[in-house]
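Coordinate inspection notes
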Amino acid sequence: MSLDPQTKMLLDYLASLGTPPLETLTPELARKAFQLPKGEIEPVGNVEDRTIPRPEGDIPIRVYYPKEVQTNFPALVYFHGGGWVVGNLETHDNICRALTNLANCVTISVDYRLAPEHKFPAAVYDCYAAVEYVSANPEEFQVDPARIAVGGDSAGGNLAAVISNLAKDKQKPAICFQLLLYPATNIWGEPTQSMLQNAEGYFLTQGTMEWFLNCYSNGEEEDKNNPLLAPILYEKFTGLPPALVITAEYDPLRDEGELYARKLQEAGVKAELVRYDGTIHGFMSMASVIALGKAALEKSGQALKEVFYQTKSPI
């Protein structure tokens with residue numbers, strides 16, 4: 001279908017700014033240039049900036065608590081997008097606030113180390129360590145260790161899928177659900193139809209994705225066969241937690257996200273795939289100006305709430 005009018009308006013606005021492509025900038029400048037429309041700050045019960053201790057260095061996290069008073073909440077450990085190079089706790093604050101309220105859960109946003117200063121698998125190690133710590137220390141976060149989900153968008157969706165597989169292989173920690181928002185899953189494969197069709201002009205470009213990958217990977221041949229980098233390469237998808245996979249029509253990553261969802265389904269994993277037509281990569285971070293983003297956030301919150309509380313949401 002044609003571009004959603006709100007999405008087109010945003011793309012026109014971004015084009016008018018004349019911001020150079022991220023791949024033409026240094027990582028430091030790219031991080032400063034990576035700005036997403038946030039809108040009003042959605043209130044939650046409480047927000048705490050904390051750290052998870054590690055011998056290799058503490059991992060910064062931001063913990064969002066719902067307005068409801070409990071001592072045994074379900075938890076979503078969230079990994080932000082940004083190609084493993086840009087993005088931080090601030091850029092995805094709006095998503096985390098929305099999911100906290102919609103799913104009535106504690107959301108723990110992980111500020112994992114970024115490339116190219118910290119190449120693969122640093123981000124994987126940080127994200128796995130964060131989930132493992134939350135699971136081992138639930139009382140610190142007022143959460144139920146039997147109800148811990150992982151989620152993320154774009155590169156964060158890649159990390160959520162990788163952590164789900166890694167936890168299955170290691171048989172810990174227990175993960176009850178994976179929320180994969182337009183995830184990067186097949187980054188070494190041949191360009192998909194959606195990558196070629198949407199290579200330019202739709203916010204995320206093929207050139208930017210290639211730059212992200214070059215920053216994140218070590219440039220070694222063995223990386224191309226490593227499922228910790230491209231989770232589509234896992235041989236067995238059985239036994240993974242249920243998933244919601246969200247994609248966007250005008251997203252270069254659309255086809256690989258949908259292929260991953262189908263592989264989960266073929267392996268018997270309960271995986272729901274929802275494509276939002278007419279919109280672009282990152283649209284859920286732009287929910288303040290793109291109504292489809294708000295709808296996708298509500299869908300995500302509904303899916304989490306159904307798993308967390310084993311009830312059907314009226315949304």
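Residues numbered from 1 in each chain as written. Predicted model: local features only at pLDDT ≥ 70, side-chain atom pairs only at ≥ 80, totals over all residues. Heavy atoms only, no water.

**Topic: unusual backbone geometry**
Cis geometry is found at the peptide bond from Ala115 to Pro116, where omega equals 0°. The peptide bond linking Lys172 to Pro173 adopts the cis configuration, its omega dihedral lying at -10°. The backbone phi angle of Gln171 is positive, close to 65°, even though this residue is not glycine. With respect to the helices, strands and loops of the structure, Gln171 is situated in the loop between helix H6 (155-170) and strand E6 (177-181). A positive phi angle is found at Phe203, which is not glycine, with a value near 75°. (Helix = DSSP H or I, 4+ residues; strand = E, 2+ residues; numbered from the N terminus.)

**Points about the packing of aromatic side chains**
A ring pair, where both rings are aromatic, is described by two values, the distance of the centres and the angle of the planes. Tallying each qualifying case throughout the model produces 8 aromatic pairs. Their ring planes at 75° and their centres at 5.7 Å tell us that Phe120 and Tyr216 sit as a pair that is edge-to-face. Placement of the pair is Phe120 in the loop between strand E4 (106-110) and helix H4 (122-136) and Tyr216 in helix H8 (residues 206-216), with a sequence separation of 96 residues. Tyr216 carries the same exposure label as Phe120, and that label is buried. Ring geometry for Tyr276 and Phe283: centres 5.5 Å apart, planes at 45°, overall tilted. Under the relative-accessibility criterion, Tyr276 is labelled buried at 11%. (Phe/Tyr/Trp six-rings, centres within 6.5 Å; stacked < 30°, edge-to-face > 60°. Buried < 20%, exposed > 50% of the residue type's maximum accessible area, 1.4 Å probe, protein only.)

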